[in-house]
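Summary of the model geometry
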Amino acid sequence: MKLLCFLCCFIFFVPGKYRVMFAQEVFEYKTDDLADSSHIHGLISYSSKIYKRLPDSAIFILYEALDQSRKTQNRNGIISSLLGIGISLMEKKEYKLSKAYFDSAYLYCFIGPKPNDRQLVSLYNFRAALYTSQGDNPSAIQYYYLALKNMDRFADTSLLTTLYSNIGGTFMLLDQQQKALFYLQKGISLATKINDREMLGNLYNNIAMVYQNKGAYTDALNYFNKAAYYYGRLKLNKYMQQVYYGIGRNYLLQDSVDKALNYFILSMNTDTVAAGGYSPLLQGIGGAYFKKGHLEKSEQYYKAALSVCENQSLINDRLTIYSTLAKIYTRKKKYQSANEYQLAYSELSDSINNINRLEAVNRLEVKYR
């Protein structure tokens, strides 16, 4: 009996305030049919190498792996294929469809023999990421804790480090900064132990964001520089974009507008394609121009950010943008446009509050059922 594994390195950028790295996730399966399993493994493995650049091609390949897995009744191959499709759809920001594939993978985990613990942890991990991407951080925390609970059944320091990073980052989004620091520091301890320099860069970047949220800008800058040190040594320029953005935001929050703008532009120039779809960076540049009184440029960047938010269903970012556009148009004395964006802000805010109330009622109903 042959043991095969699929290693997938997935990087997930949470819109708004922080970035989370999912380190290597391991999908293992056993099979007696080595020819079929090798073919399936090859398809899944190849898709894991291209899904960020070519998500549609990765999905096409994974459908083939899924078809072959079903024909050979390879349950674990089916789960890995479904999970891979879900991850690739997340890369395309197709979150509803991504959730459908994660749900299917979850159901297959409980068909037949005892589910693979690593697969369960991976599913909980990515499902949590899906909730975070849609701004539902309380649900994300629940799934991260489920992943953490299942980690008791096997040892994987790298995966545990990833979970600590993700949990810490999500608590940061929930504005529970001390809890965030607790988990991020646990991640630092483990990443140092296994000498995972890339993860150290990610963790330091997240800790920098925590201190930034606490208003400790000097500490934040120190941690951004630590993250830059590791990314620089590994020549991970695509992650440096996030560091430059973070430093720019750090200066903007201190009203050092010119320094902020310099770092925002540096972030954009690091990867212009990715920057065009990164709402926080576009908002940062727009905010800097707003503070400088350059209203036309500010409007341009905020509208670009709004387009990204609408395409990616980033509700909380849309609130901020509606509010700022209303201020921009008020300054430009375009009061009708200002009123339209203020109304859009109020309607979206009411919608969010209604959803939150409904979710709170549902949680109470489940609790006392």
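1. As for the overall build of the protein
Looking only at helices and strands, the protein has 17 helices and two strands in total. Going through the 369 residues of the protein one by one, you find that 53% of them count as buried. Relative to all contacts within the protein whose residues are 6 or more apart in sequence, the contacts with residues 24 or more apart total 58%. On the protein, roughly 17300 Å² of surface is accessible, and the fraction owed to carbon and sulfur atoms is 51%.

2. Regarding the pattern of salt bridges
Within the structure shown, the criterion is met by 13 salt bridges. Where glutamate 91 meets lysine 52, a salt bridge forms, and the shortest distance between an N and an O atom there is 3.1 Å. One end of the pair, glutamate 91, is in helix α3 (residues 75-91); the other, lysine 52, is in the loop between α1 (34-50) and α2 (55-71), and 39 residues separate them in sequence. Under the relative-accessibility criterion, glutamate 91 is labelled partly exposed at 21%. For aspartate 103, the salt bridge goes to lysine 99, with nearest N and O atoms at 3.0 Å. Of this pair, aspartate 103 and lysine 99 both sit in helix α4 (residues 95-109), four residues apart, roughly one helical turn. Three or more residues joined by partner-sharing salt bridges are found here, namely Glu296, Glu299, Lys303 and Lys332.

3. Observations concerning unusual backbone geometry
The phi dihedral of lysine 235 is positive, around 55°, even though this residue is not glycine. Within the chain, aspartate 255 stands out as a residue other than glycine whose phi angle is a positive 65°. Within the fold, aspartate 255 resides in the loop between α11 (237-253) and α12 (257-270).

4. Some thoughts on the packing of helix α10 (residues 217-233) against α11
The geometry of α10 relative to α11 is characterised by a closest axis approach of 10 Å and an angle of 165° between their N-to-C directions. One way to sum up the angle between α10 and α11 is to call them roughly antiparallel. Here α10 and α11 pass one another in a crossing that is left-handed. Taking contact as the criterion, the partners of Tyr217, Ala220, Leu221, Phe224, Asn225, Ala227, Ala228, Tyr231 and Gly232 in α10 are, on α11, Tyr239, Met240, Val243, Gly246, Ile247, Asn250, Tyr251 and Leu253.

5. Some thoughts on the confidence of the model for the protein
Averaged over every residue, the pLDDT of the protein is 84; residues scoring 70 or more account for 86%. The least confident element of the protein, judged by mean pLDDT, is strand β1 (residues 2-13) at 30; the most confident is helix α8 (residues 177-193) at 96. Contacts from residues 1-32, a stretch scored under 50 in pLDDT, to residues over four places away or in other chains number 128 contacts.

6. Examining helix α7 (residues 157-173)
With 17 residues, α7 should cover 24 Å at 1.5 Å per step; its first-to-last C-alpha distance of 25 Å lies within 8% of that length. Within α7, 14 of the 17 residues are buried, leaving the element largely enclosed by the surrounding structure. Sitting at the head of α7, aspartate 156 places a side-chain oxygen 3.2 Å from the backbone nitrogen of serine 158. A positive backbone phi angle near 60° is found at aspartate 175, which sits one or two residues after α7.

7. Focus: the packing of aromatic side chains
Taken as a whole and assessed by the stated rule, the structure comprises 23 aromatic pairs. Here tyrosine 124 and tyrosine 143 contribute two aromatic rings whose centre-to-centre distance is 6.2 Å and whose plane-to-plane angle is 40°, an arrangement assigned as tilted. Of this pair, tyrosine 124 sits in helix α5 (residues 117-133) while tyrosine 143 sits in helix α6 (residues 137-150), and the two are 19 residues apart along the sequence. Judged by relative accessible area, tyrosine 124 falls into the buried class, the value being 8%. The ring of tyrosine 106 has arginine 127 lying over it, and the distance from NZ or CZ to the ring centre is 5.9 Å.

8. Concerning the nonpolar core
Grouped burial of nonpolar side chains is what soluble globular proteins tend to show. Counting residues in hydrophobic clusters, the biggest one holds 111 residues, and the most contacted among them are Leu281, Ile285 and Leu325. The residues contacting isoleucine 285, other than those within four sequence positions of it, are Leu261, Phe264, Ile265, Met268 and Tyr301.

9. Describing α11
Helix length check: α11 (17 residues) gives 25 Å between terminal C-alpha atoms against 24 Å at 1.5 Å per residue, within 8%. Buried residues dominate α11, accounting for 14 of its 17 residues. Aspartate 255 lies just past α11 and shows a positive phi near 65°.

10. Considerations on the side chain of serine 47
Within the fold, serine 47 resides in helix α1. Setting aside its immediate chain neighbours within four residues, serine 47 contacts Ala58, Ile61 and Leu62.

11. Notes on the side chain of asparagine 150
Here asparagine 150 lies in helix α6. Setting aside anything within four residues of it in sequence, one finds asparagine 150 in contact with Asp117, Leu120, Val121 and Tyr124.

Scoring rules and cut-offs
Residues numbered from 1 in each chain as written. Predicted model: local features only at pLDDT ≥ 70, side-chain atom pairs only at ≥ 80, totals over all residues. Heavy atoms only, no water. Helix = DSSP H or I, 4+ residues; strand = E, 2+ residues; numbered from the N terminus. Buried < 20%, exposed > 50% of the residue type's maximum accessible area, 1.4 Å probe, protein only. Contact = heavy atoms within 4.5 Å. Areas by Shrake-Rupley, 256 points an atom, 1.4 Å probe, with all protein chains shown as cover. Salt bridge = Lys/Arg side-chain N within 4 Å of Asp/Glu carboxyl O. Axes fitted to C-alpha atoms, helices over the stretch in contact; angles between N-to-C directions. Parallel < 35°, antiparallel > 145°, perpendicular 65-115°, else oblique. Left-handed = near helix turned anticlockwise from the far one by under 90°. pLDDT = per-residue confidence, 0-100. Expected span 1.5 Å × (residues − 1). Polar contact = N/O pair within 3.5 Å; in protein donor to acceptor, adjacent residues only side chain to side chain. Phe/Tyr/Trp six-rings, centres within 6.5 Å; stacked < 30°, edge-to-face > 60°. Lys NZ or Arg CZ within 6 Å of the ring centre and 35° of its normal. Core = buried A, V, L, I, M, F, W, Y, C linked by side-chain atoms within 4.5 Å.

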